[in-house]
Amino acid sequence: MFRSFISTKIKFAAIHTSSGQKAIPPIIWLIIKPVSKLSSIIIGRGLRKWLRSPANLHRKQAVIEHFKTKKKHYFFGITGFGAGCYGYYTSHLQLTPITHRKRFIIFNSAHLKEIEEFEKKYILESFKDKVLPVDHKYTINALRIANKLFSANIHLPEVKDIKWKLTVIQSDIVNACAFPNGDVFVFTGLMDFVKNDDELAFIIAHEMSHTILQHGAEQMSHSRIFDIISIALSLIIWSMVPYDTGSIFTEKIAENMQEYFFSLPYERVLEKEADIVGMILSAKACFDVRNNSQFWHRMNDLNEENEMPEFLSTHPSNINRARDLEDFLPQALKIRDECNCYKLPEKKFIKVLNDQ
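None of the values given here were measured: they were computed from a predicted structure.

Right, let's talk about the overall build of the chain for a bit. Looking only at helices and strands, one finds 12 helices and 6 strands in the chain. Each of the three principal axes of the chain carries a C-alpha extent, and together these read 85 × 50 × 40 Å. The proportion of buried residues among the 356 residues of the chain is 45%. In the chain, 46 side chains carry a positive charge and 40 a negative one; their mean positions are 9 Å apart.

Time to look at the pattern of salt bridges. Per the counting criterion, the structure on display carries 17 salt bridges. In this structure, Glu218 and Arg101 form a salt bridge, with 2.7 Å as the shortest nitrogen-oxygen distance. In this pair, Glu218 sits in helix 9 (residues 215–240) while Arg101 sits in the loop between strand 2 (93–95) and strand 3 (102–104), placing the two residues 117 residues apart along the sequence. Its salt-bridge partner being Lys120, residue Asp183 comes within 2.6 Å of it at the nearest N-O pair. Placement of Asp183 in strand 6 (residues 183–187) and of Lys120 in helix 4 (residues 113–126) is noted, with a sequence separation of 63 residues between them. Among the residues examined, Lys120 registers a relative accessible area of 2% and is labelled buried. Several salt bridges converge on common partners, so that one network encompasses Arg101, Arg103, Glu218 and Glu273.

On to the side chain of His206. Within the fold, His206 resides in helix 8 (residues 197–212). The exposure class of His206 is buried, given its relative accessible area of 5%. Ignoring sequence-local partners within four residues, the contact set of His206 consists of Glu271, Ala274, Asp275, Gly278 and Arg321.

Summarising burial for strand 6: 5 of the 5 residues are buried, a large majority. Bridge count for strand 4 (residues 165–169) against strand 6 is 5 bridges, and the pairing is parallel. Bridge pairing in strand 6 links Lys165 to Asp183. As defined by bridge partners, strand 5 (residues 176–178) adjoins strand 6 across 3 bridges and the pair is classed as antiparallel. Residue Cys177 lies in a different strand from strand 6, and its bridge partner there is Phe185. Linkage of strand 5 to strand 6, two consecutive antiparallel strands, is achieved through a turn of 4 residues, within which Gly182 is found at a positive phi near 110°.

A separate point is the packing of helix 10 (residues 244–284) against helix 12 (residues 318–338). Between helix 10 and helix 12, whose axes approach to 9 Å, the crossing angle comes to 30°. Judged by the inter-axis angle, helix 10 sits roughly parallel to helix 12. Between helix 10 and helix 12 lies a crossing whose hand is right-handed. Here Glu271, Lys272, Asp275, Ile276, Met279, Ile280, Ala283 and Lys284 of helix 10 come into contact with helix 12, specifically with Arg321, Asp324, Leu325, Phe328, Leu329, Ala332, Ile335 and Arg336. A per-class count over the contact of helix 10 with helix 12 returns 9 nonpolar, no polar and 7 charged.

Looking now at the packing of aromatic side chains. Using the criterion set out here, one finds 10 aromatic pairs in the structure. Relative to Phe262, the ring of Phe226 has its centre 5.7 Å away and its plane inclined at 40°; by these criteria the two rings are tilted. With a gap of 36 residues between them, Phe226 in helix 9 and Phe262 in helix 10 connect regions that are remote in the sequence. By way of ring pairs, the aromatic residues Tyr88, Tyr89 and Phe104 are connected into one cluster.

Attention now moves to unusual backbone geometry. With a phi angle near 55°, Gln214 is a residue other than glycine that sits in the positive phi range. Here Gln214 is to be found in the loop between helix 8 and helix 9. We note that Cys286 has phi near 70°; this positive angle belongs to a residue other than glycine. You can see Cys286 is positioned in the loop between helix 10 and helix 11 (292–303).

The subject of this paragraph is the state of the cysteines. Each disulfide consists of a covalent bond between the sulfur atoms of two cysteine residues. Scanning all chains against the criterion turns up 1 disulfide. A sulfur-sulfur separation of 2.0 Å characterises the disulfide bridge that pairs Cys286 with Cys341. Judged by the sign of its S-S torsion, about -75°, the cystine formed by Cys286 and Cys341 is left-handed. Here Cys341 lies in the segment after helix 12 and Cys286 lies in the loop between helix 10 and helix 11, a separation of 55 residues in the sequence. Taking relative accessible area as the criterion, Cys286 reaches 17% and is therefore assigned buried.

Attention now goes to the packing of helix 8 against helix 10. Interhelical geometry of helix 8 versus helix 10 gives an angle of 120° and a closest axis separation of 7 Å. Considering their axes alone, helix 8 and helix 10 lie oblique with respect to each other. Every pair of crossing elements has a handedness; the one defined by helix 8 and helix 10 is right-handed. In this structure, helix 8 contributes Ala201, Phe202, Ala205, His206, Met208, Ser209, His210 and Ile212 to the contact, and helix 10 contributes Leu270, Glu271, Ala274, Asp275, Val277, Gly278, Met279, Leu281 and Ser282. In terms of residue class, the contact of helix 8 with helix 10 is built from 10 nonpolar, 5 polar and 2 charged.

How each quantity is defined
- Residues numbered from 1 in each chain as written.
- Predicted model: local features only at pLDDT ≥ 70, side-chain atom pairs only at ≥ 80, totals over all residues.
- Heavy atoms only, no water.
- Helix = DSSP H or I, 4+ residues; strand = E, 2+ residues; numbered from the N terminus.
- Buried < 20%, exposed > 50% of the residue type's maximum accessible area, 1.4 Å probe, protein only.
- Lys, Arg positive; Asp, Glu negative; His and termini not counted.
- Charge placed at Lys NZ, Arg CZ, Asp CG, Glu CD.
- Salt bridge = Lys/Arg side-chain N within 4 Å of Asp/Glu carboxyl O.
- Contact = heavy atoms within 4.5 Å.
- Pairing = 2+ DSSP bridges.
- Axes fitted to C-alpha atoms, helices over the stretch in contact; angles between N-to-C directions.
- Parallel < 35°, antiparallel > 145°, perpendicular 65-115°, else oblique.
- Left-handed = near helix turned anticlockwise from the far one by under 90°.
- Nonpolar A, V, L, I, M, F, W, Y, C, P; charged D, E, K, R; others polar.
- Phe/Tyr/Trp six-rings, centres within 6.5 Å; stacked < 30°, edge-to-face > 60°.
- Disulfide = S-S within 2.5 Å.

What is shown is where atoms sit, not what they do.
Structure follows, in structure tokens:
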């Protein structure tokens, strides 16, 4: 059951992966990563100077001859290394709860403890005088909705095993957030913005979904792969590109390509998944899921002038989120009916125009 953050000691519920303990903890990697990146640049730059130096011509010829002589050994060595990497990757593939999407993951919620503590401490210190008490009307309403979601989905181990805690913060921010250990923060700006309990339930369920699906651990696992690729790529770029300015420019292009073509699209997939799972959780709790898409329509009206293009964002556009929820609505209503929920009254919908 949900409890208020004020009266609850923080506890961490770890949902274990196959062998997550073998990975370097994220907090340590934050230190290792820049050191490794700098080392790859220094080594690559030194290798470039060595390769371009006329004084080392005879040594370069010797190295080339060595590779020609031992090419079979290097071929099998590289092949074996590639096979080992593939085996490591496949051994850490698992299916997400509820949606059964295949993903690579090497961490669990416990691995994110230090980073999570830092982020929660930042939020609580930033709004230290704005945390509402347990008996405040906003907190009572949010807890009532959250407990309804919890009770309706307690049959899911991923919901039951987490020690959920909810904090309501007095602020005009139209937002909510959740952490891997089950702490959910809701801002009163969001509670004032929603039109009814159904919309608020969907947003809380969306944030719960990030925790249930371990999106934080998945994002960290995904980032680790690209961090290693980026470090290796830096070594290659700084050793092959003739000048420092060219190396810097080439590396920046490579980083932007990784960001816009891989990292950001992946994060948008996770947000879309949290929307769909949030809709499922809401449907099982007998909320009116027909209201969900309208929330994103109004968010679009609120942020239309300031909303960045979707390909530059970690989140899908508000219009696309509304479309996705409307596409999933028949399935959500079916889930709701299967849970023997009360019959919904007739309602007219404002569909998203295809040419928007």
